[in-house]
2 protein chains.
Amino acid sequence: MPETKTQQSGNSGSDGSENDAPKGLEGVVVATTELGDVRGEEGFYHYRQYSAVEVAATRTLEDAWYLLFHGELPTKTQHAEWIEEIAPLRDLPDAMVELLPAIARAGDHFIPLDALRTALSATTYSLDYRPSLDLEPDELRAEAMRTCALVPTLVTSLYRLSEGHEPVTPHPELPYAANYLYMLTGEEPDPKLARAVEKYLISTIDHGFNSSTFTARVITSTGADLGAAVVGAIGALSGPLHGGAPSRALDMLDAIGEPRNAEPWIRNAVEHGQRIMGFGHRVYKTDDPRSLLLRDVAAELGGEQYEFARKIEDTVVEVLEEMKPGRKLRTNVEFYSGVVMNSCGIPRTMFTPTFASSRTIGWCAHILEQAADNRLIRPSARYIGPPPPQPVPDAE
Amino acid sequence: MPETKTQQSGNSGSDGSENDAPKGLEGVVVATTELGDVRGEEGFYHYRQYSAVEVAATRTLEDAWYLLFHGELPTKTQHAEWIEEIAPLRDLPDAMVELLPAIARAGDHFIPLDALRTALSATTYSLDYRPSLDLEPDELRAEAMRTCALVPTLVTSLYRLSEGHEPVTPHPELPYAANYLYMLTGEEPDPKLARAVEKYLISTIDHGFNSSTFTARVITSTGADLGAAVVGAIGALSGPLHGGAPSRALDMLDAIGEPRNAEPWIRNAVEHGQRIMGFGHRVYKTDDPRSLLLRDVAAELGGEQYEFARKIEDTVVEVLEEMKPGRKLRTNVEFYSGVVMNSCGIPRTMFTPTFASSRTIGWCAHILEQAADNRLIRPSARYIGPPPPQPVPDAE
């Protein structure tokens, strides 16, 4: 009886509301924010009142972090105090020194975001993070600071442990990006490489209400602790449709092998309905500004891989324009991210965890904003099954 | 310049959309589902085509679980096969036998949902759960089965470890609810108590698009693994505005102490703007059907605490009608949950983890549904800060 079903569905559309959102909530404004925005049509995104690309090109990661947490870029004095506040927060808590090796070897093979998710969950538990609902703003901010400072230590330690090496203790004198490479390799990095990584990290701190950021805000809206929210966000980021592509873009370059293979390879992939890794974005309908920035960073570092990537980019854009006209598929953040990280000595396994490190700062800024003016996020769904209640049959 | 700001805000409303949702997404239909629904005005909720209360009153937990996963209640044969499929999935994987004690003592004091979040994250990692995007439906269903079967073992083991006891291995012959009490205490429970807990567990398996269920679906929408989604959902459930109240309702009964204190205590609480634990619900504008069911279950078990709770309920409803007329604040699921669980010998610390155990079945059913017809959940936000781009000041 389709008519009855329709009536029931309409009736049961959760509280009589008829306010149906498009699938995936695309274009649905679910909150206001002072942290920044993405203008997909213009190819522009910003942190607070500044162009994110300009911040990445001209300031330090610590400055960008300060900007997101405080709304202004720091003065020289504020920057110095900020650095001093962060440095001691990087050290692993004692409980984790014992647990981390066991977590690193929990899986049959190392899956860095699964290990990070587990390790951060244990860390925030061991540090007794409290429900955000019960905290004063400065107490929650202290947990956010600690989390942002600890995640690079956790991911690099887990990686080293998975490779059979001892973790490297954070270097108290090095800023975030240089310390990141230091903890990864055990050696103080070339400043040029540290600066390239820093630009990558700054450019990926925040990017609108993507799925992981939204996850962090939904969890925070229940009054849960900041650890629960970041752990959930890491889970969302681990999804291949969200954060999983930078290494796959590089894998594609490897698969293509050399420039003359590019066109047939890509035509074949498009004909078989395969996704071309590192191209296209739900929000950007023009060049992804992060891609333009990272292409410049990659160009400065130079090298064979950059030259090859440049050629592949041109070929893919050309072929896609011809085979999928009007779609305007351009490189997204992932395409040159891989090239930059690879040039800086970051292993492929660590591409997404490196992204997770900087994005943790964005998640935490969103958690602080959500907690400061909270309402439980609890949407509705429309039931489309057979009309209830039907009599429950007796258990035979 | 407020005018400029308004223009910029309008302009930057993420992709020119003007589709603003109410805060907290209240009443916004974000998906279709065949799993069930909540009719707040009618005080009715259902699993698939059946009244959830009727399922709880007449069937086993395994039947309800089968219903949510398969869309139909099982025949006798299907029920037997189902029981047989579940039993071996309850055993802890080897990697967790080592890790669990370390996780149980990671915190200064035991916070069961933080411990569960960490333990489940480690468990699914050790079992090599794969991105849902890369799995066939039956592979994802197998992970869901394993997760639902393992969570009771994890929470009861963590609790026992935190109390200095060894975990109790799952009892292969006992069904879900009886085995739950068995793993908690080490003794085969009185069937009457097992049945009371079973009704509680069935009644809390699913309940619309609450925050934790929505979190599980958002994370799944990225193609992440089922472990990431359930871990995120546990985080959301740990928020005091979502799953944190059953023990607090009982704490309130303790604080009131005896019937003659009830009226002054409640008047005083309302006058001081305190929340009365166990009353009121965002969706139900009449009696919460779960509360009516659990009141009956508590009545069958009887006892002093039930009698006391009954009196407190009457007094609270009376006082609230007088002091907040028209608000129709009635007991929600949490009020009698605590009484029932307490009567069955479940310690207060374990109230929310017990809820998490049954709700895991609901989350997993939603994850399967989301993965079967997926689109990345990525909403937008409206920027309301100062208009960008402002020139980035030079670092001093």
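Our structure's up above, just so we're on the same page.
Residues numbered from 1 in each chain as written. Chains lettered and ligands numbered in written order. Predicted model: local features only at pLDDT ≥ 70, side-chain atom pairs only at ≥ 80, totals over all residues. Heavy atoms only, no water.

Attention shifts here to the pattern of salt bridges. Tallying each qualifying case throughout the model produces 46 salt bridges over all chains. A salt bridge links Arg-117 of chain A to Asp-225 of chain B; the shortest N-O distance between them is 3.3 Å. Taken together, the residues span two chains, with Arg-117 of chain A in helix H6 (residues 112-126) and Asp-225 of chain B in the loop between helix H10 (211-221) and helix H11 (226-237). Three or more residues joined by partner-sharing salt bridges are found here, namely Arg-295, Arg-310, Glu-313 and Asp-314 of chain A. (Salt bridge = Lys/Arg side-chain N within 4 Å of Asp/Glu carboxyl O. Helix = DSSP H or I, 4+ residues; strand = E, 2+ residues; numbered from the N terminus.)

Next up on the list: H11 of chain B. All names here are of chain B. Taking 1.5 Å as the rise per residue, H11 with twelve residues should run 16 Å; its terminal C-alpha atoms sit 16 Å apart, in good agreement. Counting buried positions along H11 gives twelve out of twelve residues, so the element sits mostly inside the fold. Taken residue by residue, H11 has Leu-226, Gly-227, Ala-228, Ala-229, Val-230, Val-231, Gly-232, Ala-233, Ile-234, Gly-235, Ala-236 and Leu-237 as its buried positions. Sitting at the head of H11, Asp-225 places a side-chain oxygen 2.8 Å from the backbone nitrogen of Gly-227. (Expected span 1.5 Å × (residues − 1). Buried < 20%, exposed > 50% of the residue type's maximum accessible area, 1.4 Å probe, protein only. Polar contact = N/O pair within 3.5 Å; in protein donor to acceptor, adjacent residues only side chain to side chain.)

Moving on: the sheet that holds strand S5 (residues 50-51) of chain A. Residue and element names in this part refer to chain A. If you trace the three strands from one edge of the open sheet to the other, you get S3-S4-S5, paired in antiparallel fashion. Single-partner strands in this sheet number two, and they are strand S3 (36-39) and S5. Bridge analysis of S3 against strand S4 (residues 44-47) gives four bridges, and the strand direction is antiparallel. Bridged to Asp-37 within S4 is His-46. (Pairing = 2+ DSSP bridges.)

This part is about the relation of the copies chain B and chain A. Take chain B, turn it by 180°, move it 0.0 Å along the axis, and it overlays chain A with an RMSD of 0.0 Å. Within this description, the copies of the chain are treated as partners about a two-fold rotation axis. Relative to the rotation axis, the C-alpha of Gly-232 of chain B is the closest in chain B, positioned 2.0 Å from it. Comparing contact sets, 100% of the residues at the interface of chain B also lie at the interface in chain A, consistent with an isologous, same-surface contact. (Least-squares fit on C-alpha atoms with pLDDT ≥ 70 in both. Contact = heavy atoms within 4.5 Å.)

What follows is about the environment of Ala-372 of chain B. Mapped onto the elements of the fold, Ala-372 of chain B is located in helix H17 (residues 351-372). By relative accessible area, which is 69% here, Ala-372 of chain B ends up exposed.

Moving on, we get to the packing of helix H6 (residues 112-126) of chain B against H17 of chain B. All names here are of chain B. Here H6 crosses H17 at 40°, and the two axes come no closer than 9 Å. For the pair H6 and H17, the contacting residues are Pro-112, Leu-113 and Leu-116 in the first and Thr-352, Pro-353 and Ala-356 in the second. Per-class residue counts for the contact of H6 with H17 are five nonpolar, one polar and no charged. (Axes fitted to C-alpha atoms, helices over the stretch in contact; angles between N-to-C directions. Nonpolar A, V, L, I, M, F, W, Y, C, P; charged D, E, K, R; others polar.)

Turning our attention to the pairing of strand S3 (residues 36-39) of chain B. Both faces of S3 of chain B are covered, namely the face carrying Gly-36 and Val-38 of chain B and the face carrying Asp-37 and Arg-39 of chain B. The turn linking S3 of chain B back onto strand S4 (residues 44-47) of chain B is made up of four residues, and Gly-43 of chain B within it adopts a positive phi angle of 65°.

Another point: the interface of chain B and chain A. Opposite the 119 residues of chain B that make contact, chain A presents 119 residues. When the two sides are added together, the surface that chain B and chain A hide from each other amounts to roughly 10300 Å², 57% of it contributed by carbon and sulfur. Applying the counting criterion to the chain B and chain A interface returns eight salt bridges. The interface formed by chain B and chain A includes 46 residue pairs in polar contact (both at pLDDT 80 or more). When residues in the side of chain B that touches chain A are grouped by element, the largest group, nine residues, is from H6 of chain B. For the side of chain B that touches chain A, the per-class residue count stands at 51 nonpolar, 42 polar and 26 charged. Bridge analysis of strand S2 (residues 28-33) of chain A against strand S1 (residues 19-20) of chain B gives two bridges, and the strand direction is parallel. When the bridges of S1 of chain B are listed, Val-29 of chain A appears paired with Asp-20 of chain B. (Buried area = accessible area lost by both parts, 1.4 Å probe.)

By themselves, these observations are geometric and do not establish any function.
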